[in-house]
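Inside the fold
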Amino acid sequence: MQIIQQHMDGDIAVLTVDNPPVNAISAQMRQELWQAVDRLDADPAVRAVLLTCAGRTFIAGADVREFGQPPVEPHLPDLVDRIERAEKPWVAAIHGSALGGGLEIAMGCRFRVAAPDAKLGLPEVNLGIIPGASGTVRTPRLIGAEAAIGLVTSGRPWRAQQALTAGLIDAVVEGDLPEGAVKFARAALSAELPLPVSVRPVAPLDAAVWDRAAAAFAGPGQQAQARAVESLRYATEHPFDSAMRNERRIFVALRDSDQAAALRHVFFAERAAPRPPELKGVTPRGVARVGIVGGGTMGAGIAVACRNAGVPVVMVERDDEAAARGVSNIRAILAGSVKRGKLTEAQMADRLAGVEASADYARLAPCDLVIEAVFEEIGVKQAVFAELARVCRADAVLATNTSYLDPRRIFEGVPGQDRCVGLHFFSPAHIMKLLEIVPTPDTAPDVLATAFALAGRLGKMPVRAGICEGFIGNRIFKRYRAEAEKLLVEGHEVQQVDAAARDFGFRMGPFEAQDLSGLDIAFLQREGLRAEGQDVPDTLSDRLVRAGRKGQKTAGGWYDYAKGDRTPRPSAAAQEVLAPHIAGAGGLSSAQIAARLVDAMADEGRKILAEGIASRASDIDLVEIHGYGFPRWTGGPMFAAARSR
Ligand code: 3H9
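Everything numeric in this text was worked out from a predicted model, so none of it was measured. (Residues numbered from 1 in each chain as written. Predicted model: local features only at pLDDT ≥ 70, side-chain atom pairs only at ≥ 80, totals over all residues.)

Moving on, we get to helix 26 (residues 637-644). Every buried residue of helix 26 is listed here: Pro637, Met638, Phe639, Ala640 and Ala641. Summarising the contacts, the buried residues of helix 26 are in contact with helix 11 (258-272), helix 24 (590-610) and helix 25 (617-628). (Buried ≥ 20, exposed ≤ 12 C-beta atoms within 10 Å, placed from the backbone. Helix = DSSP H or I, 4+ residues; strand = E, 2+ residues; numbered from the N terminus. Contact = placed C-beta atoms within 7 Å.)

This is the structure:
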């Protein structure tokens, strides 16, 4: 099957690339494009060539699946070069996204035009590589070095208008794109052609600008950004051909690196998780209005997540005062966004206008889906569901945001168990991307599909989790904390373990993080289990809580804190509590300590997988990356542990 079709519009040859789903560049596409240049150059009836794409997007980049395979000619940089050298000028007509190799092909064309909602970018750094087909060499020649640094190192695409202003494209075409692009080409042919991008001059930048750009990417996990700066700098200071050779060398080195392999793994993991194969063909229920029970931190965060996605919210609290508090919690979150410049006052007003708060459960009657986000206590939650069963429509989806409890117990007695599901958001719920979706054996497929569809609308990363204590994320987190304590018992210091976790790439170590969130939360939960008669031995953190050390809120936990200062300081008082339980002399290096933590997480992950709590190892990686700050560039605990074996 041909990927590229051709038809004539007068003296303009229109090429349509059709390689679903996203027109990724395959070897066949490169071959067909190469042949097209030769063929059209030789055709006297052709004055110009329009490059368009079928389907939802322009060319979205090189086919990431081909990265591990032996390269097949023609190589992409040569193809871009061939298009640029074509005797007939090529015009790229861009809709959807022109990304990576797709934008590089477009930069080989003499002109680029785009639909108003098109996006153009070089997202390669997100895959741990740099653009490898002249993206770091042609871009500065087209839009200047400083703008090129921004485009390449951020990996974020530009909208058509921004691209036009910067000179990345020549025109924004309103209305029918191919028709408008043909018109553009005709007009362009009557004027003098611009220089091909590769021969355009590029103004040099001060060394200080380059140094600043390099310094911004000195941290771990930013290897691709740092090398992109290096390649861009070289490209502005050297002739085109030499710059291309340099870019290729860096591209190949990065492509074969551990970081790139890990980021490719995450790329495909993120595309697999939202689409469980068992839901293929299942139509989700419509959700026009979401109900939320509970206006605390979690309920308010969920409400903001819904409002940011344009979904109207009904929030119910136990009395009018609590309902008003819920609204002010929402307002506080939104005001924070306004302060950071992420939201305008008008948008904030619009978000708030879409929230109805009440102490009357009956207001939930029109909601298509209701999320319970009240205190983590089985009796409290069961009482909420009894109310929901009373007031909600029989086809409304009922969800619990429990993080530890068995959803089956929470749903006990609710008529229509097939409409019940667990939706475990992470705090702050309007920011954290992870959403664990926890079906019970009774949950209907279309209810599960509704949960995944809602996650998509809210911009969340949904991961299906089975029922066990803590589901996927908190169960692994518990093991991680236990391993961190074990390292203390073996004689390593609190700050040593934290530093090892940070060196590995976590923003915070396990003990600093506990001090921040409070040691008492997990303590109270364990106390609850003890009260139920379960044998739950004291952890070291329980001992600190019993000694009055709950973390930053009590000026001390694993560390001490000066008043008004969140800097952790080694604590003699904590040491005194811990000392009787230390049974070793330490001795592991930072890397060994980190490996112990990661291996423990991966070991728990393997159990979770064996028990069917997670569907795939890559889902576990996503849970840790999106819910617990596991460094993305390591691929997650399952990937990292498997690589280090
Ligand atoms: C590059 O170009 C390197 C060059 O500089 C140099 C080379 C020498 N390859 O995201 P979606 C699949 S690096 C293979 O759900 P959307 C994806 O796996 C590349 N497959 O759709 C999924 O498959 P499935 C630089 C790809 O509409 C399906 O397409 N480019 C690729 O939400 C739909 O994906 C990028 O990094 C690919 N490049 O979003 C662009 N891209 O259905 C990455 C997608 O089997 N892609 N697939 O699960 C994107 O950002 C989004 O896919 C896009 C569409 C915005 C295009």
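The structure having been displayed, the exposition proceeds.
Before going further, it helps to examine the packing of helix 12 (residues 297-308) against helix 13 (residues 320-339). Running from N to C, helix 12 and helix 13 point in directions that differ by 60°, and their axes come no closer than 9 Å. For the element pair helix 12 / helix 13, the angle class is oblique. Pair helix 12 / helix 13 crosses with right-handed handedness. In this structure, helix 12 contributes Thr297, Gly299, Ala300, Gly301, Ala303 and Val304 to the contact, and helix 13 contributes Gly326, Asn329, Ile330, Ile333 and Leu334. (Axes fitted to C-alpha atoms, helices over the stretch in contact; angles between N-to-C directions. Parallel < 35°, antiparallel > 145°, perpendicular 65-115°, else oblique. Left-handed = near helix turned anticlockwise from the far one by under 90°.)

At their nearest, the axes of helix 4 (residues 135-143) and helix 9 (residues 223-237) sit 8 Å apart, and the two run at 55° to each other. Between helix 4 and helix 9, the interaxial angle falls into the category oblique. The chirality of how helix 4 crosses helix 9 is right-handed. Two secondary-structure elements touch here, helix 4 through Thr136, Val137 and Pro140 and helix 9 through Ala228, Ser231, Leu232, Ala235 and Thr236. Grouping the constituent residues of the contact of helix 4 with helix 9 by class yields five nonpolar, three polar and no charged. (Nonpolar A, V, L, I, M, F, W, Y, C, P; charged D, E, K, R; others polar.)

Let us now look at the environment of threonine 52. Tracing the backbone through its elements, the reader meets threonine 52 in strand 3 (residues 48-53). For threonine 52, a count of 20 C-beta atoms within 10 Å corresponds to the buried category. Distance from threonine 52 to leucine 15, taken between C-alpha atoms, is 6.0 Å for residues 37 residues apart in sequence. Those residues in contact with threonine 52, other than ones at most four positions away along the chain, are Val14, Leu15, Thr16, Ala93 and Pro178.

So, about helix 2 (residues 76-84). A large share of helix 2 lies buried, amounting to seven of its nine residues. Buried positions along helix 2 lie against helix 1 (27-41), strand 4 (90-94), helix 3 (101-108) and helix 10 (240-255).

Let us look at the sheet that holds strand 8 (residues 158-159). Strands sit in the order 5-7-8 across an open sheet of three strands; the sheet is mixed. A single partner strand is all that each edge strand has here, and the edge strands are strand 5 (97-99) and strand 8. (Pairing = 2+ DSSP bridges.)

All right, on to the UniProt feature "domain: 3-hydroxyacyl-CoA dehydrogenase C-terminal" (unreviewed entry) in the protein then. Feature annotation in UniProt assigns "domain: 3-hydroxyacyl-CoA dehydrogenase C-terminal" (unreviewed entry) to the following positions: residues 470-561. Secondary structure across residues 470-561 divides into 60% helix and 0% strand, with the first and last C-alpha atoms of the span separated by 30 Å. (UniProt positions renumbered as here; feature names shortened; annotations may be inferred.)

Another point: the site of the ligand. Surveying the vicinity of the ligand reveals 24 residues, the closest of which are Ala60, Gly61, Gly100, Gly101 and Gly132. Going through the elements one at a time, strand 5 and helix 3 are the ones with two or more residues in the shell around the ligand. (Near = placed C-beta within 6 Å.)

Turning to the nonpolar core, a few remarks are in order. The biggest cluster of nonpolar side chains holds 189 residues, and the ones touching the most others in it are Leu50, Val91, Ile94, Val370 and Ile437. Setting aside residues up to four positions removed in sequence, leucine 50 forms contacts with Ile12, Val14, Leu15, Val91, Ala93, Pro178, Ala181, Val182 and Ala185. (Core = buried A, V, L, I, M, F, W, Y, C linked by C-beta atoms within 7 Å.)

Most of strand 15 (residues 420-425) sits inside the fold, with six of its six residues counted as buried. Where burial is concerned, the two faces of strand 15 agree: the one with Cys420, Gly422 and His424 and the one with Val421, Leu423 and Phe425 are both buried. Where strand 15 and strand 16 (residues 434-439) come together, five bridges link them in antiparallel fashion. When the sheet's bridge partners are listed, valine 421 is paired in strand 16 with proline 439.

Note: strands within a sheet are paired through backbone hydrogen bonds, in either parallel or antiparallel orientation. The strand order across the open sheet formed by six strands is 1-2-3-4-6-9, and the pairing between neighbours is mixed. Where the open sheet ends on each side, the last strands, each with one partner, are strand 1 (4-9) and strand 9 (171-172). Here strand 3 runs beside strand 4; their pairing, made up of three bridges, is parallel. When the bridges of strand 4 are listed, valine 49 appears paired with tryptophan 90. Sitting on the sheet, helix 7 (residues 177-189) touches strand 1, strand 2 (12-17), strand 3, strand 4, strand 6 (111-114) and strand 9, and the angle it makes with strand 3 is about 155°.

Our focus in this paragraph is the environment of alanine 48. Following the sequence through the fold, alanine 48 ends up in strand 3. Sequence separation between alanine 48 and alanine 185 is 137 residues, and the spatial gap between their C-alpha atoms is 7.3 Å.

Next up on the list: the pairing of strand 1. When strand 1 meets strand 2, the two strands line up antiparallel, connected through six bridges. Among the inter-strand pairings, aspartate 9 is bridged to a residue of strand 2, identified as isoleucine 12. Linking two consecutive strands that pair antiparallel, namely strand 1 and strand 2, is a turn of two residues; a positive phi of about 65° is found at glycine 10 within it.

Backbone torsion omega between proline 20 and proline 21 reads 0°, so that peptide bond is classified as cis. In this fold, proline 21 is placed in the loop between strand 2 and helix 1. Put simply, serine 427 and proline 428 share a cis peptide bond, and its omega is -5°. Among the structural elements, proline 428 can be located in the loop between strand 15 and strand 16. Unusually for a residue other than glycine, serine 134 sits at a positive phi of about 95°.

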